[in-house]
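# Overview (structure and organization)
Each chain, written out:
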Amino acid sequence: MAMVNILKNHDNRVIRKYRFLITRIIGPITVLVILADVTTISIPRKIVFAIGELIPMISDKWKSLIGQIPLAYFPFILLCYFVLYLVVIHKILGQKQILPANHYFLVPSWMIKWASFINRQHSGSATSIPTWQFCEYLYYQSTFGWREMTLEIPEVMPAESNVEVTITVSNPSHSELDTSVLSLVVSDTYPADLKSLPCFVIDHRYEVFQTMKDGQVDRVRRYNSDLVSVIVKRVRRAETEGVKSLYLLLNTNPKQISEIFRELFTDAGRNPIEHLYVYESQSNPPYHFLHAHRIF
């Protein structure tokens, strides 16, 4: 789901998977391999070693290693160019984040992890990825790939005292209703179009949580501890009701999402909820929810 702050039809700021794959993974690797191959063929080893000694990360052990294992010469050259590549993007170009806040990335998680590793960039903004992916990051934050990443969560103002939380409950009455499935719709920043909810959600039990100020959704991002508390309590109650599959349709800011996950899903799976899904939404208005991504 879009984090509601940067799109506004700025297509040049939306980075999709093919562009990201070419510019952050395939492109750098291809250029480095070609440079290393050309160097191996056309430049004498003594010159390469002399240049390599100027790079702090390259030790004298490489010379002895290449003397014992000739095939190590190509990786040695590749390493030299990789270090120079990092100097260019980090020092000369000043690129520090793999997911900067002024762009929105619609790319698979594995691409983000690999690009972070290749480019040695491990930071970014939580507003730069879809909500479902941010939830994946929060849940798997201590695992390989996400562990190296640090996503900054923008601070938001606290909710005023006159902001209230409303709850709408829908319980379909058909006889074959699966009570082990529950969906929670959080409409906090933009109003959710309840008439366009996914058919799967409508066919099962779902509840809508909205924050209202003076009877309206005012599109102001806040941290509302009451909203977080109500959702946490509802999920805890769902655990005692036999809910096994929980679906979240989140239209709220990263600060509140992080608090919800901290309260509910940091117990290493020690709760009755067996499966958690988070719905993705359109990246542009009207922000309809499209399909669910399984978190665990």
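Here the structure is a predicted model, which means the values were calculated and not measured.

### Some details on the sheet that holds strand β7 (residues 181–187)
Spatially, the 6 strands line up as an open sheet ordered β6-β8-β7-β10-β11-β12, and their pairing is mixed. At either end of the open sheet lies a strand with only one pairing partner, and these are β6 (163–170) and β12 (289–294). Here the strands of the sheet are splayed against their neighbours by 20 degrees on average, with no regard to which way each runs. Of the strand pairs in this sheet, β7 and strand β10 (residues 245–251) are connected by 7 bridges, and their pairing is parallel. Paired with Leu-182 across the two strands is Leu-246, which belongs to β10. Across the sheet, helix α6 (residues 131–139) lies against β10, β11 (275–281) and β12, angled at about 145 degrees from β11, the strand it touches most.

### Brief notes about the confidence of the model for the protein chain
Regions with low pLDDT should not have their predicted coordinates read in detail. Residues at a pLDDT of 70 or more form 90% of the protein chain, whose mean pLDDT is 87. The low-confidence segment residues 1–9, where pLDDT is below 50, has 45 contacts with residues more than four positions distant or belonging to other chains.

### Looking at the environment of Ile-98
Along the chain, the position of Ile-98 falls in the loop between α4 (73–92) and β2 (104–106). For Ile-98 and Asn-119, which are 21 residues apart along the polypeptide, the C-alpha to C-alpha distance reads 7.9 Å.

### Describing unusual backbone geometry
If you check the backbone angles, Arg-120 has positive phi at about 55 degrees while not being a glycine. When its relative accessible area of 37% is taken as the criterion, Arg-120 is described as partly exposed.

### Side note on a nonpolar patch on the surface
A contiguous nonpolar surface patch, about 350 Å² in accessible area, is contributed by Val-87, Val-88, Ile-92 and Leu-93. Inspection of the secondary structure assignment puts Leu-93 in the loop between α4 and β2. Note on Leu-93: relative accessible area 53%, which makes it exposed.

### Points about the layout of surface pockets
Put simply, the largest pocket is a space of about 240 Å³. Lining the largest pocket are Ile-15, Arg-19, Phe-20, Thr-23, Arg-24, Gln-95, Lys-96, Gln-97, Ile-98, Pro-100, His-103 and Phe-105. Among the elements that take part in the lining of the largest pocket, helix α1 (residues 17–42) stands out by supplying 4 residues, more than any other. Split by residue class, the lining of the largest pocket holds 5 nonpolar, 4 polar and 3 charged.

### Details of the packing of aromatic side chains
The tally for this structure, following the rule as stated, stands at 11 aromatic pairs. A network of ring pairs unites the aromatic residues Tyr-139, Tyr-140, Phe-261, Phe-265 and Phe-296 as a single cluster. One cation-aromatic arrangement involves Lys-255 over Tyr-223; the distance from NZ or CZ to the ring centre is 5.6 Å.

### Let's talk about the pairing of β10
In terms of burial, β10 is a largely internal element, 7 of the 7 residues being buried. As defined by bridge partners, β10 adjoins β11 across 4 bridges and the pair is classed as parallel. Counterpart to Leu-248 in the pairing with β11 is Val-278.

### Some remarks on α6
Among the 9 residues of α6, 8 are classified as buried, and the element is accordingly described as predominantly covered. Within the span of α6, buried status applies to Thr-131, Trp-132, Gln-133, Phe-134, Cys-135, Glu-136, Tyr-137 and Leu-138.

### Brief notes about the packing of α1 against α4
Relative orientation of the contacting elements α1 and α4 amounts to 130 degrees, with a least axis distance of 9 Å. One element, α1, and the other, α4, form an angle in the oblique class. The two elements α1 and α4 cross, and the hand of that crossing is right-handed. Residues Pro-28, Leu-32, Val-33, Leu-35, Ala-36, Asp-37, Thr-39 and Thr-40 of α1 form the contact with α4, whose participating residues are Tyr-73, Phe-74, Ile-77, Leu-78, Tyr-81, Phe-82 and Tyr-85. In the contact of α1 with α4, the residues fall into 12 nonpolar, 2 polar and 1 charged.

### Section: the side chain of Glu-239
Along the chain, Glu-239 falls in helix α8 (residues 225–240). Side-chain polar atoms of Glu-239 contact the side chain of Arg-236, separated by 3.1 Å. For Glu-239, the residues in contact, after removing those within four places along its chain, are Asn-271, Pro-272 and Ile-273.

Basis of the calculations
- Residues numbered from 1 in each chain as written.
- Predicted model: local features only at pLDDT ≥ 70, side-chain atom pairs only at ≥ 80, totals over all residues.
- Heavy atoms only, no water.
- Pairing = 2+ DSSP bridges.
- Helix = DSSP H or I, 4+ residues; strand = E, 2+ residues; numbered from the N terminus.
- Axes fitted to C-alpha atoms, helices over the stretch in contact; angles between N-to-C directions.
- Contact = heavy atoms within 4.5 Å.
- pLDDT = per-residue confidence, 0-100.
- Buried < 20%, exposed > 50% of the residue type's maximum accessible area, 1.4 Å probe, protein only.
- Patch = residues over 30% accessible without salt bridge, like charges linked within 9 Å, V, L, I, M, F, W, Y side chains within 5 Å.
- Areas by Shrake-Rupley, 256 points an atom, 1.4 Å probe, with all protein chains shown as cover.
- Salt bridge = Lys/Arg side-chain N within 4 Å of Asp/Glu carboxyl O.
- 1 Å grid on protein atoms, 1.4 Å probe; cavity = no way out; pocket = protein on both sides within 12 Å on 5 of 7 lines; lining within 4 Å.
- Points joined across faces, edges and corners; volume = space filled by probe spheres on them.
- Nonpolar A, V, L, I, M, F, W, Y, C, P; charged D, E, K, R; others polar.
- Phe/Tyr/Trp six-rings, centres within 6.5 Å; stacked < 30°, edge-to-face > 60°.
- Lys NZ or Arg CZ within 6 Å of the ring centre and 35° of its normal.
- Parallel < 35°, antiparallel > 145°, perpendicular 65-115°, else oblique.
- Left-handed = near helix turned anticlockwise from the far one by under 90°.
- Polar contact = N/O pair within 3.5 Å; in protein donor to acceptor, adjacent residues only side chain to side chain.

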